[in-house]
Amino acid sequence: VKKRRMTKNARDVTMSRIVGLTDQHDWQRHFKKADLVIEAVLEDLNLKHKVISQFEEVVPDDCIIATNTSALPIRDVAAKAKRPE
């Protein structure tokens, strides 16, 4: 908006589509219609595999599953995913 690459209205519409979740019981309802989910758990490979597996059971087939990692190679995080690409 400051650099005039996006109008305030476009920003507001885009931001209204972002849902942050902290309730472990409500996430599946939102993920069933998600276009993109970002895994951001601790840097524990087994935990990341478990979370991504849970995501894959719920998200649509065309949903992008991304990871937030700084210590683990992406190929290792994706190794057990159904859609590692």
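**Q** Talk me through the pairing of strand β1 (residues 36–39); I want residue IDs and the actual numbers.
**A** Along β1, the buried face is formed by V37 and E39; none of L36 and I38, which line the opposite face, is buried. One ladder, built from 4 bridges, connects β1 with strand β2 (residues 64–67); its direction is parallel. The residue bridging V37 from the neighbouring strand is I65, located in β2. Each parallel crossover has a hand, and for β1 linked through helix α3 (residues 45–58) to β2 it is right-handed.

**Q** Could you give me a rundown of the layout of surface pockets, with the residues and numbers involved?
**A** As a volume, the largest pocket reaches approximately 780 Å³. Residue lining of the largest pocket: 20 residues in total, with V19, L21, F31, L36 and V37 positioned closest to the centre. Sorting the residues of the lining of the largest pocket by element identifies α2 (27–31), β1 and α3 as the ones contributing at least two each. Of the residues that constitute the lining of the largest pocket, the class distribution is 11 nonpolar, 5 polar and 4 charged. Of the volumes computed, that of the second largest pocket is approximately 300 Å³. Taken together, 16 residues make up the lining of the second largest pocket; nearest its centre are I65, A66, R83, P84 and E85. If you list the elements that add at least two residues to the lining of the second largest pocket, you get α3, β2 and α4 (74–78). Looking at which element gives the most residues to the lining of the second largest pocket, the answer is β2, with 4 residues. Residue classes in the lining of the second largest pocket are distributed as 10 nonpolar, 1 polar and 5 charged.

**Q** Just give me the short version of the nonpolar core, but keep the residues and values in it.
**A** By size, the foremost hydrophobic cluster in this structure holds 9 residues: W27, F31, A34, V37, V51, F55, V58, V59 and C63. For this core, the secondary-structure elements that each account for two or more residues are α2 and α3. No other element matches α3, which puts 3 residues into this core. Aside from chain neighbours lying at most four places away, what touches V37 is F31, F55, V59, C63, I64, I65 and A66.

Rules and cut-offs
Residues numbered from 1 in each chain as written. Predicted model: local features only at pLDDT ≥ 70, side-chain atom pairs only at ≥ 80, totals over all residues. Heavy atoms only, no water. Buried < 20%, exposed > 50% of the residue type's maximum accessible area, 1.4 Å probe, protein only. Helix = DSSP H or I, 4+ residues; strand = E, 2+ residues; numbered from the N terminus. Pairing = 2+ DSSP bridges. Right-handed = clockwise from strand over helix to strand, strands pointing away. 1 Å grid on protein atoms, 1.4 Å probe; cavity = no way out; pocket = protein on both sides within 12 Å on 5 of 7 lines; lining within 4 Å. Points joined across faces, edges and corners; volume = space filled by probe spheres on them. Nonpolar A, V, L, I, M, F, W, Y, C, P; charged D, E, K, R; others polar. Core = buried A, V, L, I, M, F, W, Y, C linked by side-chain atoms within 4.5 Å. Contact = heavy atoms within 4.5 Å.

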